[in-house]
Amino acid sequence: MPDIVKVKYQKTGKSKSTNSYGMRDMQERAFEYRDAQHLLIKSPPASGKSRALMFIALDKLVNQSIKKVIVAVPERSIGSSFAKTDLKKFGFFANWQPNDKYNLCTPGGDGSKSKVQAFLNFMDSTEQILICTHATLRFASEELDETKFNDTVLAIDEFHHVSADAENRLGDLLRTIMQKSTAHIIAMTGSFFRGDSVPILLPEDEAKFTKVTYNYYEQLNGYDYLKSLGIGYHFYQGKYTNAILEVLDTDKKTILHIPNVNSGESTKDKHNEVDFILDAIGSVVKQDADTGVIHIKRQTDGKILKVADLVEDSPRERDKIVNYLRQIETLDDMDLIIALGMAKEGFDWPYCEHALTVGYRGSLTEIIQIIGRATRDSNNKTHAQFTNLIAQPDAANDLVKLSVNNMLKAITASLLMEQVLAPNWKFKTKVSDEDKAKPGEIKIRGLKEPSSKRVKDILESDLNDLKATVLQDDTMLKAMPGNVDPEVINKVLIPKIIKVKYPDLSDDEVEEVRQHVVVDSVIKNGEIKEVGDKRFIRMAGSFVDIDDIHIDLIDQVNPFQKAFEILSKSVTTKVLKVIQDHIEATRIKMDFEEAKILWPKIQEFIKMYNKEPNLQSNDPLEKRMAECVIYLKEEKRKRAEANGQG
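What you are looking at is a predicted structure, and each value in this text was computed from that prediction instead of being measured.

Asks: In this structure, what is going on with helix α12 (residues 400-421)? I would like to understand it.
Replies: Because each turn of an α-helix spans 3.6 residues, side chains separated by three or four positions end up pointing in the same direction. Look at α12: 31 Å from first C-alpha to last across 22 residues, which is about the 32 Å you get at 1.5 Å a residue. Among the 22 residues of α12, 18 are classified as buried, and the element is accordingly described as predominantly covered.

Asks: Looking at this structure, how should I read the environment of Asp205?
Replies: Here Asp205 shows up in helix α6 (residues 203-206). Separated by 30 residues in the primary sequence, Asp205 and Arg175 have C-alpha atoms spaced 7.4 Å apart. Excluding residues within four positions of it along the chain, Asp205 makes contact with Arg175 and Met178.

Asks: Help me understand the packing of helix α14 (residues 463-471) against helix α17 (residues 507-525), please; the structure alone is not making it clear to me.
Replies: The packing of two helices is summarised by the inter-axis angle and the distance between the axes. Between α14 and α17, whose axes approach to 11 Å, the crossing angle comes to 85°. Relative to α17, α14 is oriented roughly perpendicular. Of the residues in α17, those in contact with Leu463, Leu466 and Lys467 of α14 are Val513, Val517, Asp520, Ser521 and Lys524. Taken together, the residues that form the contact of α14 with α17 break down as four nonpolar, one polar and three charged.

Asks: Explanation requested: the environment of Arg175 in the structure shown.
Replies: Tracing the chain through its elements places Arg175 in helix α5 (residues 169-180). Considering only alpha carbons, one finds Arg175 and Leu202, 27 residues apart in sequence, at a separation of 9.2 Å.

Asks: Explain the sheet that holds strand β19 (residues 534-539) here, please?
Replies: Each strand in a sheet pairs with another by means of backbone hydrogen bonds, the pair being arranged parallel or else antiparallel. The strand order β18-β19-β20 describes an open sheet built from three strands, whose pairing is antiparallel. Only two strands of the sheet have a single neighbouring strand rather than two, namely β18 (528-531) and β20 (542-545). Across this sheet, the average inter-strand angle for adjacent strands is 35°, counted without regard to direction. Looking at chain direction, β19 and β20 are connected through four bridges and run antiparallel. In the sheet register, Phe536 faces β20, and the bridge partner there is Asp545.

Asks: Whenever I open this one, a positive patch on the surface confuses me. Can you help?
Replies: Together, Lys6, Lys8, Lys11 and Lys227 give the surface a local cluster of positive charge. In this fold, Lys11 is placed in the loop between β1 (5-8) and α1 (25-31).

Asks: Looking at this structure, how should I read the packing of aromatic side chains?
Replies: Think of a pair of aromatic rings as described by two things: how far the centres are apart, and how the planes are tilted against each other in angle. All told, the structure shown has 10 aromatic pairs when counted by the stated rule. Between Phe159 and Phe209, the ring centres sit 6.5 Å apart and the planes meet at 45°, which makes this aromatic pair tilted. Within this pair, whereas Phe159 is found in the loop between β5 (152-156) and α5, its partner Phe209 is found in the loop between α6 and β7 (210-213), the two being separated by 50 residues in sequence. On the accessibility criterion, Phe159 (0% relative accessible area) is buried. Ring geometry for Phe605 against Tyr609: centres 4.7 Å apart, planes inclined by 50°, an arrangement best described as tilted. Taken as a pair, Phe605 and Tyr609 lie in helix α21 (residues 592-609) at a separation of four residues, close to a single helical turn. On the accessibility criterion, Tyr609 (49% relative accessible area) is partly exposed. Of note, Arg138 hangs over the ring of Phe139, and the distance from its end group to the ring centre comes to 5.7 Å.

Asks: So what exactly am I meant to see when it comes to the packing of helix α16 (residues 486-501) against α17 here?
Replies: Running from amino to carboxyl end, α16 crosses α17 at an angle of 115°, the nearest separation of the two axes being 9 Å. Helix-helix and strand crossings are classified by hand; for α16 and α17 the assignment is right-handed. Between α16 and α17, the contacting residues are Asn490, Lys491, Ile494, Pro495, Ile498 and Lys499 on the first element and Asp507, Val510, Val513, Arg514, Val517 and Val518 on the second. Of the residues that constitute the contact of α16 with α17, the class distribution is seven nonpolar, one polar and four charged.

Asks: Just to check I follow, could you spell out the nonpolar core for this structure?
Replies: A general feature of soluble globular proteins is that nonpolar side chains tend to end up buried together. Counting residues in hydrophobic clusters, the biggest one holds 110 residues, and the most contacted among them are Met334, Ile337, Trp349 and Leu421. It is α12 that contributes the most residues to this core, 11 residues altogether. Setting aside residues up to four positions removed in sequence, Ile337 forms contacts with Thr254, Ile255, Leu256, Ala308, Leu310, Leu325, Phe347 and Trp349. One finds Leu53, Val73, Phe82 and Ile131 within the second-largest nonpolar core, a separate group that totals 34 residues.

Asks: Would you mind showing me how to read the sheet that holds strand β8 (residues 228-236) here?
Replies: What the nine strands build is an open sheet, ordered β1-β8-β15-β14-β9-β13-β12-β11-β10; its pairing is mixed. Edge positions in the open sheet fall to β1 and β10 (282-287), since each of these has one partner strand only. Strand-to-strand twist across the sheet, computed as the mean angle between neighbouring axes with direction ignored, equals 20°. One ladder, built from four bridges, connects β1 with β8; its direction is antiparallel. The partner of Val7 across the bridge, within β8, is Leu229.

Asks: What's the story with unusual backbone geometry in this structure? I'm lost.
Replies: Note on backbone geometry: most residues besides glycine have negative phi, and most peptide bonds are trans. The phi dihedral of Lys11 is positive, around 55°, even though this residue is not glycine. Given a relative accessible area of 38%, Lys11 falls into the partly exposed group.

Asks: In this structure, what is going on with the pattern of salt bridges? I would like to understand it.
Replies: Summed over all chains, the structure comprises 39 salt bridges. Each of Lys42, Lys211, Asp462 and Asp465 takes part in one network of salt bridges that share partners.

Definitions and limits used
- Residues numbered from 1 in each chain as written.
- Predicted model: local features only at pLDDT ≥ 70, side-chain atom pairs only at ≥ 80, totals over all residues.
- Heavy atoms only, no water.
- Helix = DSSP H or I, 4+ residues; strand = E, 2+ residues; numbered from the N terminus.
- Expected span 1.5 Å × (residues − 1).
- Buried < 20%, exposed > 50% of the residue type's maximum accessible area, 1.4 Å probe, protein only.
- Contact = heavy atoms within 4.5 Å.
- Axes fitted to C-alpha atoms, helices over the stretch in contact; angles between N-to-C directions.
- Parallel < 35°, antiparallel > 145°, perpendicular 65-115°, else oblique.
- Nonpolar A, V, L, I, M, F, W, Y, C, P; charged D, E, K, R; others polar.
- Pairing = 2+ DSSP bridges.
- Patch = residues over 30% accessible without salt bridge, like charges linked within 9 Å, V, L, I, M, F, W, Y side chains within 5 Å.
- Areas by Shrake-Rupley, 256 points an atom, 1.4 Å probe, with all protein chains shown as cover.
- Salt bridge = Lys/Arg side-chain N within 4 Å of Asp/Glu carboxyl O.
- Lys, Arg positive; Asp, Glu negative; His and termini not counted.
- Charge placed at Lys NZ, Arg CZ, Asp CG, Glu CD.
- Phe/Tyr/Trp six-rings, centres within 6.5 Å; stacked < 30°, edge-to-face > 60°.
- Lys NZ or Arg CZ within 6 Å of the ring centre and 35° of its normal.
- Left-handed = near helix turned anticlockwise from the far one by under 90°.
- Core = buried A, V, L, I, M, F, W, Y, C linked by side-chain atoms within 4.5 Å.

Listed below in structure tokens is the structure:
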């Protein structure tokens with residue numbers, strides 16, 4: 001199956017080169033904002049966030065009268081990213097030297113008395129740096145007054161683990177520390193997306209943060225070796241174990257994520273699944289007693305492959321293999337890693353070329369983290385690949401609704417990933433014909449410029465997150481296949497989602513944000529052709545000169561049509577019918593806002609075809625117009641009744 005997303009990069013080497021302080025591109029950008037009290041760093045996996053934090057935290061200790069730095073990580077293994085680091089040898093003015101005594105990412109319970117006591121001792125000592133897990137921070141904070149965090153930097157790694165949910169005690173803790181102390185907060189995340197509907201921060205808290213965004217495109221474009229990334233979906237019927245060899249190429253260094261035991265794709269026996277995969281590849285020669293590495297003789301040519309099984313439950317066996325993976329130095333040390341979760345046990349495998357994932361993943365954060373496993377720059381690869389193996393829905397199955405939804409969400413996620421991975425355009429208002437766009441800019445007539453700092457901030461650093469919310473909205477998923485008029489999607493559905501996500505925006509600000517979301521989605525998903533020095537984009541079926549685009553024209557394009565066209569090519573007609581039927585059954589209810597947009601189009605339709613739209617039509621838009629006529633007649637009848645009674 002062809003890739004849904006294929007992005008090429010320039011190999012500029014920029015994201016890996018360093019300045020006179022030894023800082024990479026992303027770290028230098030973050031360091032510019034070292035004076036901010038609340039800093040949010042959004043940057044992809046492997047871009048150097050942990051070192052960026054060291055630079056900023058040391059500057060706060062040395063130059064900003066800060067007394068202490070607490071680094072909280074989601075799990076113990078990640079604590080190793082913040083180990084002692086010699087920064088002076090690269091030109092920086094101080095070294096990162098945490099005392100081992102206050103590295104609490106050690107074996108033992110995160111909420112144990114000894115770790116909590118060590119945390120409390122640290123707060124009363126003259127020591128400057130402590131590293132612990134999110135859990136230890138939570139337990140210890142229960143015994144501390146918030147003012148204890150005065151003059152302290154609280155750095156939270158993998159910040160997407162926090163949320164504004166009442167149940168999330170870390171989110172709660174952060175809010176009270178921000179309100180009741182002078183603490184400096186540095187939050188770091190590879191992705192601010194959540195598959196769930198709860199925001200990470202409440203809007204009023206989020207507004208306090210200075211944001212530094214280093215996007216995926218900048219990261220990948222600045223590599224030395226990797227020059228393209230593909231994202232594809234492969235659909236199977238029956239058991240996934242029978243289809244796995246269609247997509248698992250054992251010549252490529254692969255990390256294979258088998259499905260969660262609770263998911264529909266799982267056979268419910270994870271160890272059996274691993275054995276089946278190993279047998280499908282060839283025959284097991286031995287498992288090394290010291291390292292846990294499995295040696296397999298490949299069926300096709302007898303080549304010996306090295307496999308790591310991270311699905312293994314026994315802590316002793318698991319620690320052995322994770323330890324081996326942390327010490328990998330050459331290409332030949334490993335060929336295939338089979339994992340259940342996200343395989344983020346604190347090891348890096350830059351040689352990985354292919355991330356193959358079975359089953360739908362719950363959130364975009366997870367997909368980004370998985371793709372991040374294959375997008376490290378390494379001299380053994382010019383291309384990285386993410387493949388998602390998904391079950392095809394079958395009309396007879398009760399789980400159809402779920403599978404259809406998952407499939408649409410998977411396609412949606414890939415669509416969004418493409419937008420995250422592609423270059424960013426800047427959109428400006430075109431005032432006159434002489435008003436020429438600079439490189440990287442597109443000028444659009446009638447486009448509203450941001451009128452407030454809040455809108456500017458959203459457009460600069462939250463646009464992809466907002467698109468994630470739009471694309472993962474249930475109503476939007478039902479509208480995506482083109483059965484809802486594009487103008488209704490753009491002018492009714494999208495603003496509703498923006499209002500919920502940013503309740504503090506005025507109607508004018510919502511409209512400014514809405515226009516940019518639609519423009520960004522339509523342009524990035526549009527097919528762009530260059531002829532001479534002119535660029536043309538396909539809009540609603542015909543090519544239009546990019547320099548002549550008007551916002552009204554953009555509003556007539558379904559920003560997500562491309563995803564559904566891809567889906568149509570990728571699945572059988574039978575499956576497509578299942579999807580269409582499911583969408584029919586969950587139709588968006590008609591409301592007056594949609595009817596208002598459709599009414600002139602219905603009149604135009606009647607004039608053109610000399611008949612009313614047909615409810616039985618195969619064209620989903622004609623059908624929707626027919627429904628609108630019924631809705632309007634019904635409304636008219638209700639009003640007449642009400643007036644008659646009045």
